[in-house]
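# Results of the structural survey
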Amino acid sequence: MSNAILVINAGSSSLKFSVFRDHGGGDPVVTINGQISGIGTQPVFDAKDAQRRPLAEKSWGAGEASDRTALLSYLLSWIEERLEGATLIAAGHRVVHGGVRHAAPVLLTSALLDELDGLVPLAPLHQPHNLAAIRALAEAHPELPQVTCFDTAFHRNQPWQAQTFAIPRELTEEGVRRYGFHGLSYEYIARRLPEIAPELGDSRVVVAHLGSGASMCAIHGGRSVDSTMGFTALDGLPMGTRCGTIDPGVLIYLMRKGMDASAIEKMLYNKSGLLGVSGISNDMRALLESSDPHAQEAVELFCFRIAKETGALAASMGGVDAVVFTAGIGERSAPVRARVGDKLAWMGVEIDAAANEANAAKISTPGSRLPVYVIPTDEERMIALHTRKVLTGR
Ligand code: ADP
């Protein structure tokens with residue numbers, strides 16, 4: 001008999017889910033994907049099978065909009081009707097912050113939930129929603145084991161230099177340190193790359209996760225040694241609406257001008273990045289199609305910073321043997337990859353135009369001194385793998 005694993009990625013107003021089937025050998029296989037969107041306003045549930053064929057759709061009135069326990073109870077009943085004899089062994093959650101203690105996923109306990117509550121101030125925009133879904137599921141189905149998979153865990157064993165800000169020690173001890181995020185994506189890439197390019201062995205790889213949130217990671221021998229995101233998911237690359245690395249003096253200037261913390265937070269998280277520079281859109285596709293010079297500048301700044309960070313991360317590893325692009329923009333935007341490739345010509349990158357246009361697995365020419373890959377990420381599968389490991393030991 002096979003097992004099923006529910007994977008949950010809960011945000012502020014939406015909850016994405018996948019159901020994986022585990023037959024014992026090999027990776028678990030996804031059978032259903034779906035989401036509940038509009039939580040807090042007008043929730044809508046929809047689900048598709050692995051071939052993207054619609055399976056169900058349902059909406060609720062505003063009265064039930066915020067009742068996450070009722071929504072998760074509905075979701076679980078709906079899934080249980082479609083298990084076809086499999087046993088649902090657990091739910092695995094993406095949790096943005098695991099703090100300094102957690103370098104691996106863990107089985108949920110009430111003590112752990114209290115500990116994770118304590119990390120809310122470090123990730124106020126994500127952590128409360130992740131935990132709300134865990135609490136609601138525990139209430140709806142107390143017997144179902146839950147596993148928390150942290151976006152920070154993969155970075156936890158970085159050398160101390162990569163994790164430390166040059167600020168008074170007491171603050172570092174209080175937790176003001178560089179955590180790094182997108183860890184589940186990087187861990188998946190670290191696992192997948194040797195299957196695609198076995199010759200790379202224990203190599204030094206720079207991975208660019210370029211989605212609406214974007215970051216980069218230096219992976220040496222399968223382990224994270226440095227990353228562009230730091231204390232929060234605001235650091236590093238410019239993103240769809242987030243600023244990326246900024247001189248802290250700018251924040252002092254803005255505060256002196258009279259902006260308070262929440263106004264600054266809103267500006268840096270929601271009005272900056274590609275949207276802020278272009279004044280047009282946070283969507284890379286719209287910017288690439290636009291002839292507006294500000295749109296072109298936003299794309300150029302994005303590519304410039306990716307190339308610059310590639311150099312910095314290579315320095316963290318004492319060299320680089322491969323570059324990998326992943327996530328929405330990284331997997332699908334040939335123009336962005338081509339521009340970054342041009343800027344990395346000095347490192348030996350030579351992009352094969354046809355392979356790049358085709359989003360091929362390897363987009364560098366055979367003669368390129370530094371090979372460049374495109375690997376679709378799969379954070380959900382990573383969560384399913386972790387959840388199976390925690391539950392069954394394999
Ligand atoms: P998230 O970080 O929300 O998980 P994704 O990894 O799905 O997001 O990436 C979303 C982003 O990918 C979108 O904002 C869009 O700009 C970009 N994107 C998707 N497809 C393309 C494409 N064909 N060309 C350029 N950018 C794309």
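Residues numbered from 1 in each chain as written. Predicted model: local features only at pLDDT ≥ 70, side-chain atom pairs only at ≥ 80, totals over all residues. Heavy atoms only, no water.

### Points about the UniProt feature "site: Transition state stabilizer" (unreviewed entry) in the protein chain
Listed under "site: Transition state stabilizer" (unreviewed entry) in the UniProt record, and renumbered for this structure, are His182 and Arg242. Summarising the element assignment, histidine 182 is placed in the loop between helix H5 (169-174) and helix H6 (183-196). If we ignore the near neighbours within four places in the chain, the residues touching histidine 182 are Arg94, Asp151, His155, His209, Gly213, Ala214, Ser215 and Met229. Along the chain, arginine 242 turns up in the loop between strand S11 (223-227) and helix H7 (248-256). The exposure class assigned to arginine 242 is buried, which follows from its relative accessible area of 16%. Non-local contacts of arginine 242, meaning those with residues more than four positions away in its chain, are made with Gly213, Met229, Ala233, Leu234, Leu268, Tyr269, Ser272 and Gly273. (UniProt positions renumbered as here; feature names shortened; annotations may be inferred. Helix = DSSP H or I, 4+ residues; strand = E, 2+ residues; numbered from the N terminus. Contact = heavy atoms within 4.5 Å. Buried < 20%, exposed > 50% of the residue type's maximum accessible area, 1.4 Å probe, protein only.)

### Observations concerning the site of the ligand
Taken together, Gly211, Ser212, Gly213, Asp283, Met284, Arg285, Ala327, Gly328, Ile329, Arg332 and Ser333 form the complete shell of residues around the ligand. Serine 212 places a polar side-chain atom, nitrogen or oxygen, 2.7 Å from an oxygen atom of the ligand. Side-chain polar atom of arginine 332 to a nitrogen atom of the ligand: 3.2 Å apart, as the coordinates give it. Against a free-state accessible area of 580 Å², the protein chains account for coverage of 69% of the ligand. Considered class by class, the residues forming the shell around the ligand number three nonpolar, five polar and three charged. (Near = heavy atom within 4 Å. Polar contact = N/O pair within 3.5 Å; in protein donor to acceptor, adjacent residues only side chain to side chain. Areas by Shrake-Rupley, 256 points an atom, 1.4 Å probe, with all protein chains shown as cover. Nonpolar A, V, L, I, M, F, W, Y, C, P; charged D, E, K, R; others polar.)

### Quick look at the UniProt feature "active site" (unreviewed entry) in the protein chain
In this numbering, the UniProt entry assigns the feature "active site" (unreviewed entry) to Asp151. Topologically, aspartate 151 is positioned in the loop between strand S8 (146-150) and helix H4 (160-163). Using a relative accessible area of 3% as the deciding quantity, one classes aspartate 151 as buried. If near-sequence neighbours (up to four positions away) are discounted, aspartate 151 is found in contact with Arg94, Val95, Val96, Gly180, Phe181, His182, Gly183 and Leu184.

### Some remarks on the packing of aromatic side chains
With the rule as written, the count across this model stands at five aromatic pairs. Ring centres of phenylalanine 17 and phenylalanine 45 lie 5.9 Å apart, and the angle between their planes is 5°; on these two criteria the pair is classed as stacked. With phenylalanine 17 in strand S2 (residues 15-22) and phenylalanine 45 in strand S4 (residues 44-49), this residue pair connects regions lying 28 residues apart in the sequence. When its relative accessible area of 0% is taken as the criterion, phenylalanine 45 is described as buried. Pairing tryptophan 60 with tyrosine 74 gives two aromatic rings, centres 5.2 Å apart and planes at 90°, and the pair type is edge-to-face. Pair noted here: tryptophan 60 is in the loop between strand S5 (54-59) and helix H1 (68-80) and tyrosine 74 is in helix H1, with a separation of 14 residues, a long-range link. With relative accessibility at 11%, the residue tryptophan 60 sits in the buried group. For tyrosine 74, a relative accessible area of 27% puts it in the partly exposed group. Ring pairs connect the aromatic residues Phe17, Phe45, Trp60, Tyr74 and Trp78, which therefore count as one cluster. (Phe/Tyr/Trp six-rings, centres within 6.5 Å; stacked < 30°, edge-to-face > 60°.)

### Focus: the environment of isoleucine 351
Examined against the element boundaries, isoleucine 351 turns out to sit in the loop between helix H13 (334-343) and helix H14 (353-357). Separated by 27 residues in sequence, isoleucine 351 and valine 324 have C-alpha atoms that sit 12 Å apart. Once you skip the residues sitting within four places of it in the chain, isoleucine 351 turns out to touch Arg337, Gly341, Asn356, Ile363, Ser364, Thr365 and Val372.

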